[in-house]
Amino acid sequence: MIIDKILLTENEINSICTSLGEKITSDYQGSDLVLVGLLKGCNPFISDLAKKIDLPLEIEYMVASSYKGNTFSSGNVEIRLDLSKSIENRDVLIVEDIVDTGKTLDVVKKILINRNPKSLKIVTLLDKVEGRLIPCECDYVGRKIEKAFVVGYGLDYNDKYRNLPYVAIVKI
Ligand code: 5GP
């Protein structure tokens, strides 16, 4: 694997988290906000974003997996870890690292809608808009990107490189 180009530096990621955090803080005033992070990729993003949201929120996690060590979507989305508590009548914000085909979020959204949240929105660090196979609108987007494979800041290739402090486009 060769790093082709740095897409987001640590400073750029920090600015994105700050501005998303400010917007979310203002939009969710008085809400019972629950962040639902999709592991494993959301890990650094949800931690940094949550620190920039000035509200008494809760953090929950799900594991929804569609990639099996490849650089393309297999299309099979499995839920391997579910929430630890009810989201009924609560304001739920799904926190995703990257949206590509939209298949993962389509499955997760359907599952969560069935649990009757008061509201359900999506924040993603990266949005590969051209990759969509299923319509999926994100309410808060850190950065729209081209259709390339990226690693770092939570995003993996064969379960490695999640620890890079930046996001890079790679050649496999
Ligand atoms: P979707 O279901 O929208 O096709 O894909 C969403 C999931 O695919 C993301 O949560 C992420 O795990 C993975 N994914 C999509 N694009 C990339 C990418 O460029 N790099 C990495 N490492 N994972 C990706």
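Read on for a plain summary of the structure. Everything quoted here is computed from the prediction, not taken from an experiment.

Some details on the overall build of the protein chain
A tally of helices and strands in the protein chain yields three helices and nine strands. The order of α-helices and β-strands along the protein chain, N terminus first, is β-α-β-α-β-β-β-α-β-β-β-β. Compactness check: the protein chain gives a C-alpha radius of gyration of 15 Å against a globular reference of 16 Å for 172 residues, within 12% of the reference. With the C-alpha coordinates aligned to their principal axes, the bounding extent of the protein chain is approximately 45 × 35 × 25 Å. Relative to its 172 residues, the protein chain shows a buried fraction of 47%. Once local pairs closer than 6 in sequence are excluded, the contacts in the protein chain between residues at least 24 apart make up 65%. Carbon and sulfur atoms make up 47% of the accessible area of the protein chain, which totals about 8,700 Å².

Some details on the environment of Ala-148
Mapped onto the elements, Ala-148 comes out in the loop between β7 (140-144) and β8 (150-151). Residues Ala-148 and Leu-126, spaced 22 residues apart in sequence, show a C-alpha to C-alpha distance of 11 Å. Non-local contacts of Ala-148, meaning those with residues more than four positions away in its chain, are made with Lys-128 and Ile-169.

A look at helix α1 (residues 10-27)
Here α1 contains 18 residues, and its C-alpha end-to-end distance of 26 Å stays within 8% of the 26 Å for a straight helix at 1.5 Å per residue. Looking at α1, one finds that the buried residues are Ile-13, Ile-16, Cys-17, Leu-20, Gly-21, Ile-24 and Thr-25. Relative to the axis of α1, the buried residues are bounded by an arc of 160 degrees and lie together on one face. Opposite the buried face of α1, at more than 90 degrees from it, the exposed residues are Asn-11 and Glu-22.

As for the packing of aromatic side chains
All told, the structure shown has one aromatic pair when counted by the stated rule. Look at Phe-149 and Tyr-157: their rings are 6.2 Å apart centre to centre, the planes differ by 80 degrees, and that puts the pair in the edge-to-face class. Overall, Phe-149 belongs to the buried group, its relative accessible area being 14%.

Some words on the site of the ligand
Residues in close proximity to the ligand total 17 residues, the closest being Thr-101, Thr-104, Lys-128, Val-150 and Asp-156. Interatomic distance of 2.5 Å between a side-chain N/O atom of Thr-104 and an oxygen atom of the ligand. The separation between a nitrogen atom of the ligand and a polar main-chain atom of Asp-156 is 2.6 Å. Compared with its free state, where it exposes 510 Å², the ligand has 92% of that area covered by protein. At four residues, strand β5 (residues 91-99) tops the list of elements feeding residues into the shell around the ligand.

Thoughts on a nonpolar patch on the surface
Taken together, Met-1, Ile-3, Ile-6, Tyr-161 and Ile-172 make up a surface patch of nonpolar side chains, about 420 Å² in accessible area. Here Ile-172 is to be found in the segment after β9 (167-171).

Here we look at the pairing of strand β2 (residues 33-39)
Summarising burial for β2: six of the seven residues are buried, a large majority. Alignment of β2 against β5, held across five bridges, turns out to be parallel. When the sheet's bridge partners are listed, Val-34 is paired in β5 with Val-92. Two elements, β2 and strand β3 (residues 58-65), share six bridges in a ladder whose sense is parallel. Within β3, the residue paired with Val-34 across the bridge is Glu-58. Chirality of the crossover, the property in question, places the unit of β2, helix α2 (residues 43-51) and β3 among those that are right-handed.

The rules behind the values
- Residues numbered from 1 in each chain as written.
- Predicted model: local features only at pLDDT ≥ 70, side-chain atom pairs only at ≥ 80, totals over all residues.
- Heavy atoms only, no water.
- Helix = DSSP H or I, 4+ residues; strand = E, 2+ residues; numbered from the N terminus.
- Rg over C-alpha atoms; globule rule 2.2 N^0.38 Å.
- Buried < 20%, exposed > 50% of the residue type's maximum accessible area, 1.4 Å probe, protein only.
- Contact = heavy atoms within 4.5 Å.
- Areas by Shrake-Rupley, 256 points an atom, 1.4 Å probe, with all protein chains shown as cover.
- Expected span 1.5 Å × (residues − 1).
- Arc of directions from axis to C-beta.
- Phe/Tyr/Trp six-rings, centres within 6.5 Å; stacked < 30°, edge-to-face > 60°.
- Near = heavy atom within 4 Å.
- Polar contact = N/O pair within 3.5 Å; in protein donor to acceptor, adjacent residues only side chain to side chain.
- Patch = residues over 30% accessible without salt bridge, like charges linked within 9 Å, V, L, I, M, F, W, Y side chains within 5 Å.
- Salt bridge = Lys/Arg side-chain N within 4 Å of Asp/Glu carboxyl O.
- Pairing = 2+ DSSP bridges.
- Right-handed = clockwise from strand over helix to strand, strands pointing away.

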